Amino acid sequence: MSQQIQLTQVAENVYEIPEDEGMEVPVRVYGSAALVEEMQTADDRTLSQGRNVATLPGIRKFAVVLPDGHQGYGFPIGGVAAVDTETGVISPGGIGFDINCGVRLLRTPLTADDVAGHEEELAERLYETVPCGLGKGGYLETNMDDLRGILDGGMEWMREAGHATEADLEHCEENGRLDGDPGKVPAEALSRGHNQVGSLGSGNHFLEVQRVADVYDAETAAAFGLAEDRIVVMIHSGSRGLGHQTCTEYVRRFERAFPDIADSLPDKQLIYAPLDEQVAEDYKQAMYAAANFAWANRQAMTQAVREVFADLLGVNTVELVYDVCHNIAKEERHRIDGGEDTLLVHRKGATRAFPAGRPEIPDAYRDVGQPVFIPGSMGTASYVLCGGERSLDLTFGSTAHGAGRLKSRMQAKKEYSAGELRRTLRERGIYVRARSGGTLAEEAPGAYKDVDEVIRVSDALNIGTKVARTVPICNIKG
DNA sequence: ATGTTC
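Residues numbered from 1 in each chain as written. Chains lettered and ligands numbered in written order. Predicted model: local features only at pLDDT ≥ 70, side-chain atom pairs only at ≥ 80, totals over all residues. Heavy atoms only, no water.

1. Details of the protein's contact with DNA strand B
Then, number 1: In the neighbourhood of DNA strand B, 14 residues make up the surrounding shell, with Leu 134, Arg 192, Asn 204, Arg 240 and Arg 409 lying closest.
Then, number 2: In DNA strand B, atoms within 4 Å of the protein come from the sugar-phosphate backbone in 50% of cases.
Then, number 3: Measuring from a phosphate oxygen of DNA strand B, one finds a side-chain N or O atom of Gln 196 at 3.2 Å.
Then, number 4: At 2.5 Å from a phosphate oxygen of DNA strand B is found a side-chain nitrogen or oxygen belonging to Arg 409.
Then, number 5: The set of elements that each furnish at least two residues to the surface near DNA strand B consists of helix 8 (187–193) and helix 10 (240–257).
Then, number 6: Of the residues contributing to the surface near DNA strand B, the split by class is two nonpolar, eight polar and four charged. (Near = heavy atom within 4 Å. Polar contact = N/O pair within 3.5 Å; in protein donor to acceptor, adjacent residues only side chain to side chain. Helix = DSSP H or I, 4+ residues; strand = E, 2+ residues; numbered from the N terminus. Nonpolar A, V, L, I, M, F, W, Y, C, P; charged D, E, K, R; others polar.)

Below you can see the structure in the form of structure tokens.
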């Protein structure tokens, strides 16, 4: 059924779908031969979706598919589309249903020896303290007024309410706040979100206690406050039901407002709104408000982690290294063909990876480069990278966001058994506490690409360079 | 990803 897309190799780890009829720009695909081959298997729509993205009005330079690219709603997950802010469009599929899904890393003063023997207890306490899985309940109790404050203020509201420090804000992309309008968030999204502040969610979301197993770049690691054997905590979560409902409703609004656009698309899921339309601006404002919610959510879980580490291990200095978004669109200045332009950069399953010097990077890291966190699949390694010097030229300042799914959730559920996975992990000293066995099977390492390979490509291309590798000690998930 | 199927 699916038509085979022809790729041309242009350099080591760099491939291209040449521009042809209907495309505004070519598609750049970054990956090793093995990773690119996985995108070319029968019925895989990653590359045809990449090609569809290249037809978007106002898209500049090239559509990007990253080494972890796999098929998603309309757009590939692991993709970047940068559009002109005047002639371009905004597309919910280029941002993702989980608005401002992202990853934050916390560092503790502990080493592996300090937590030895406490692994299971730690997993249990974290599991009890951070609501996970589908449905209602968050670590933080919030009413509707609080929710509006969160949607407007993000991490700033959290600080004013006593749930975040100034240092937390300073170590967050955008300082944990974008200028959105809570009034543009659909009422149903509000009702789904108001009691989910500080909740993990399901699927590939997790909270993991990790040990820094390898350091590749000691100087940069030191700048990030990391060293070998140090205990860190990684949180991967997003905007829960609120972001999902916001995306769903604006997809519907766009379809209704622009039936002619909907009819003309190569894929219905590519639906977009021209940026000069009011509904495009409304979606952007709602998306930024939902992004603020996601930051508050990750911050609330950070407070839960602090509570557990203080109670259980007497540790009162759990500090935020950084917090990255991997499902968002932001206006940024980029150089194309010698000129500098303001572009709306859609990153879906793509992490901003700005090199040293960019004004967006917080003071603490500006001379080094932006920290980037890339979780592997459950039970494998995760990576800390640093924004690379070539990222602005190759990927609009972006790199991958994870291992990248290889098998569908349904296929994984058929192939793997939760009990066996739990046993295998435990034999390796990793405690996994999950609310649902189904989720465990869906997230089996075999369902994902090889994260080491994804990282190797990012490092070799110098879009995000290797700083450290972390391995799990205990993991909680929905 | 998701009150996992409007």
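2. A closer look at the packing of aromatic side chains
Then, number 1: Scanning the model with the defined rule gives eight aromatic pairs in all.
Then, number 2: Between Tyr 250 and Tyr 283, the aromatic rings sit 5.5 Å apart at their centres with planes inclined by 50°, giving tilted as the arrangement. Note that Tyr 250 is positioned in helix 10 and Tyr 283 in helix 12 (residues 278–313), a separation of 33 residues in sequence.
Then, number 3: The class for Tyr 250 is buried, based on a relative accessible area of 0%.
Then, number 4: Residue class for Tyr 283 comes out buried when judged on its relative accessible area of 0%.
Then, number 5: Over the ring of Tyr 250 we find Arg 253, and its NZ or CZ is 4.5 Å from the ring centre. (Phe/Tyr/Trp six-rings, centres within 6.5 Å; stacked < 30°, edge-to-face > 60°. Buried < 20%, exposed > 50% of the residue type's maximum accessible area, 1.4 Å probe, protein only. Lys NZ or Arg CZ within 6 Å of the ring centre and 35° of its normal.)

3. Overview of the sheet that holds strand 1 (residues 8–11)
Then, number 1: Taken in spatial order, the seven strands of this open sheet run 1-2-3-4-5-13-12, and their pairing is mixed. Each edge of the open sheet carries a strand with a single partner, namely strand 1 and strand 12 (327–336). Along the sheet, successive strands turn relative to each other by an average axial angle of 30°, direction set aside.
Then, number 2: Pairing of strand 4 (residues 63–70) with strand 5 (residues 77–84), which is carried by three bridges, proceeds in the antiparallel orientation. (Pairing = 2+ DSSP bridges. Axes fitted to C-alpha atoms, helices over the stretch in contact; angles between N-to-C directions.)

4. What to know about the UniProt feature "binding site: Mn(2+) 2" (unreviewed entry) in chain A
Then, number 1: According to UniProt, the feature "binding site: Mn(2+) 2" (unreviewed entry) maps to His 236 and His 326 in the numbering used here. For the residues just named, distributed over 91 residues, the greatest C-alpha separation is only 10.2 Å, placing them together at one site.
Then, number 2: Position of His 236 relative to the elements: it lies in strand 9 (residues 230–237).
Then, number 3: The residues contacting His 236, other than those within four sequence positions of it, are Cys 101, Gly 102, Val 103, Leu 200, Asn 204, His 205, Phe 206 and His 326.
Then, number 4: Secondary-structure assignment places His 326 in the loop between strand 11 (319–325) and strand 12.
Then, number 5: The class of His 326 is buried, set by a relative accessible area of 1%.
Then, number 6: Discounting chain neighbours no more than four positions away, the residues touching His 326 are Cys 101, Gly 102, Val 103, His 236, Arg 347, Lys 348, Gly 349, Ala 350, Thr 351 and His 401. (UniProt positions renumbered as here; feature names shortened; annotations may be inferred. Contact = heavy atoms within 4.5 Å.)

5. Considering the pairing of strand 4
Then, number 1: Where burial is concerned, most of strand 4 is hidden: eight out of the eight residues are buried.
Then, number 2: As consecutive antiparallel partners, strand 4 and strand 5 are separated by six residues, and within that stretch Gly 74 has a phi angle of approximately 75°, a positive value.

6. Side note on the state of the cysteines
Then, number 1: Under the definition given, this model contains zero disulfides.
Then, number 2: Lacking any disulfide linkage, Cys 386 is separated from the closest cysteine sulfur, that of Cys 325, by 17 Å.
Then, number 3: Its relative accessible area of 4% is what places Cys 386 among the buried residues. (Disulfide = S-S within 2.5 Å.)

7. Brief notes about the nonpolar core
Then, number 1: Judged by nonpolar contacts, the single largest core of 69 residues is most densely connected at Val 29, Ile 90 and Met 287.
Then, number 2: Considering every element that reaches this core, the biggest residue donor is helix 12, with 13 residues.
Then, number 3: Apart from the residues within four sequence positions on either side, Ile 90 is in contact with Ile 95, Phe 254, Tyr 272, Ala 273, Leu 275, Ala 280, Tyr 283, Lys 284, Met 287, Leu 344 and His 346.
Then, number 4: Of all hydrophobic cores here, the second largest spans 33 residues; its members include Val 14, Val 64, Ala 82 and Leu 394. (Core = buried A, V, L, I, M, F, W, Y, C linked by side-chain atoms within 4.5 Å.)

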